[in-house]
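Here are the chains, one letter per residue:
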Amino acid sequence: MATLYRSSAYIGEFHARASAAASLLVGDEFEIILVNDGSPDNSLDLAVELTKQHSNVIVVDLSRNFGHHKAMMTGLAHAKGDLIFLIDSDLEEEPEWLLRFDEQMKQECCDVVYGVQESRKGNWFERWSGQWFYRLFKALTGLALPENAVTSRLMTRRYVDALLSHHEREIFIAGLWYITGFDQRDQVIKKHNTSETTYTFRSKMSLLVNSVTSFSNAPLVKIFHIGVSISLFSLIYIAYLVVHWLFLAKPMSGWTSVMASIWLLGGMVISFIGVVGIYLSKIFSETKQRPYTIVRKIYAQQKD
């Protein structure tokens, strides 16, 4: 199962290699599900053409671009096999890993085998930002996600069913993979660099905010602790001013520090209101119960 977004250059080779790997494993008893996540190129046309030539190819066309994580969850919901292999279609991850993952799954009797990069790809900023993403996420949520994990993972039916039992609309799929539990084992792989990443710095920051607020109330707790600390400090400072006025009888100077304190506290208050607003917006989104994706059409050959 794979998603499509600006994938036209890779679809043909991806299908050929994925089919060859699956055939070695299960013969003809497999299906390839491709989810078109509103791709602006001709990925959909190429994928639909594959459905006409191969009865085991199914294309799920979403009504617009909903995002990589939501598209993956939609594809998993349409998968019917006892084993599901999730992978990106841009060939940075090798379809042939299916055989290695299956061998490890059989040897270790686990429910999930996922790939972990031996070294993170990209320039220094991409590696640095990825490293700090995991550190900040762990610090704010307490969840130790596997670092440098890739999309590719082989999963059992019972694990996928459990994963799909999560019904939130704001999806951070790496967090869902982790909290679903079961016996998950990693395998070190080498990810190729065939295309520019579609995750900009802005999208990475948005992902961090969404992931933290989806899996932890730690920011709200920290706001409370900071507020209590500031209140205690203020009470101590007020007591100091009162003692100073009673016994020294000198006017206090320091308008610069007063204005700096006002600006500091004003900025903190606005930031804290923003954090609370993010949580409220998530509650608002979840209570409306809107579907996280909308399927426009499913392309597949009719089976007798």
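Owing to the predicted nature of the structure, the values given are computational and were not obtained by experimental measurement. (Residues numbered from 1 in each chain as written. Predicted model: local features only at pLDDT ≥ 70, side-chain atom pairs only at ≥ 80, totals over all residues. Heavy atoms only, no water.)

1. Concerning the environment of arginine 153
Right, so step 1: For arginine 153, the location among the structural elements is in strand S6 (residues 149-156).
Right, so step 2: Sequence-wise, arginine 153 and glutamine 184 are 31 residues apart; in three dimensions their C-alpha atoms are separated by 9.8 Å.
Right, so step 3: Residue contacts for arginine 153: discarding those within four places in its chain leaves Ile84, Phe85, Leu86, Phe101, Val112, Val113, Tyr114, Tyr159, Trp177 and Gln184. (Helix = DSSP H or I, 4+ residues; strand = E, 2+ residues; numbered from the N terminus. Contact = heavy atoms within 4.5 Å.)

2. Considerations on the side chain of glutamine 104
Right, so step 1: Within the secondary structure layout, glutamine 104 lies in helix H4 (residues 97-108).
Right, so step 2: The buried category is assigned to glutamine 104, whose relative accessible area is 12%.
Right, so step 3: Here aspartate 186 takes part through its backbone oxygen, which lies 3.2 Å from a polar atom of the side chain of glutamine 104.
Right, so step 4: In contact with glutamine 104, not counting residues within four places along its chain, are Cys109, Val113, Arg185, Asp186 and Gln187. (Buried < 20%, exposed > 50% of the residue type's maximum accessible area, 1.4 Å probe, protein only. Polar contact = N/O pair within 3.5 Å; in protein donor to acceptor, adjacent residues only side chain to side chain.)

3. Description of the pattern of salt bridges
Right, so step 1: With the rule as written, the count across this model stands at 11 salt bridges.
Right, so step 2: In this structure, arginine 157 and aspartate 161 form a salt bridge, with 3.2 Å as the shortest nitrogen-oxygen distance. Of this pair, arginine 157 and aspartate 161 both sit in helix H6 (residues 157-164), separated by four residues, roughly a single helical turn.
Right, so step 3: Classification of arginine 157 as buried rests on a relative accessible area of 18%.
Right, so step 4: Between arginine 185 and aspartate 183 there is a salt bridge, with its nearest N and O atoms 2.8 Å apart.
Right, so step 5: Using a relative accessible area of 28% as the deciding quantity, one classes aspartate 183 as partly exposed. (Salt bridge = Lys/Arg side-chain N within 4 Å of Asp/Glu carboxyl O.)

4. What to know about the environment of isoleucine 84
Right, so step 1: With respect to the helices and strands, the residue isoleucine 84 is situated in strand S4 (residues 83-86).
Right, so step 2: The spacing of isoleucine 84 and valine 112 is 28 residues in sequence and 9.7 Å in space, taken between C-alpha atoms.
Right, so step 3: Filtering out sequence-adjacent residues up to four positions away, isoleucine 84 remains in contact with Leu76, Ala79, Arg153, Leu154, Met155, Thr156, Arg157 and Val160.

5. Regarding the nonpolar core
Right, so step 1: Ranked by size, the top nonpolar core spans 29 residues in total, and within it Phe14, Leu34, Phe85 and Phe101 carry the most contacts.
Right, so step 2: Contributions of two or more residues to this core are made by strand S1 (2-4), helix H1 (11-26), strand S2 (32-36), helix H2 (43-53), strand S3 (57-62), H4 and S6.
Right, so step 3: Of all the elements, H1 adds the most residues to this core, at five residues.
Right, so step 4: Not counting residues within four places of it along the chain, the set of residues in contact with phenylalanine 14 comprises Ala2, Leu34, Ile87, Asp88, Ser89, Leu91 and Pro95.
Right, so step 5: Among the nonpolar cores identified, the runner-up in size contains 26 residues, and Ile58, Leu62, Val112 and Leu176 belong to it. (Core = buried A, V, L, I, M, F, W, Y, C linked by side-chain atoms within 4.5 Å.)

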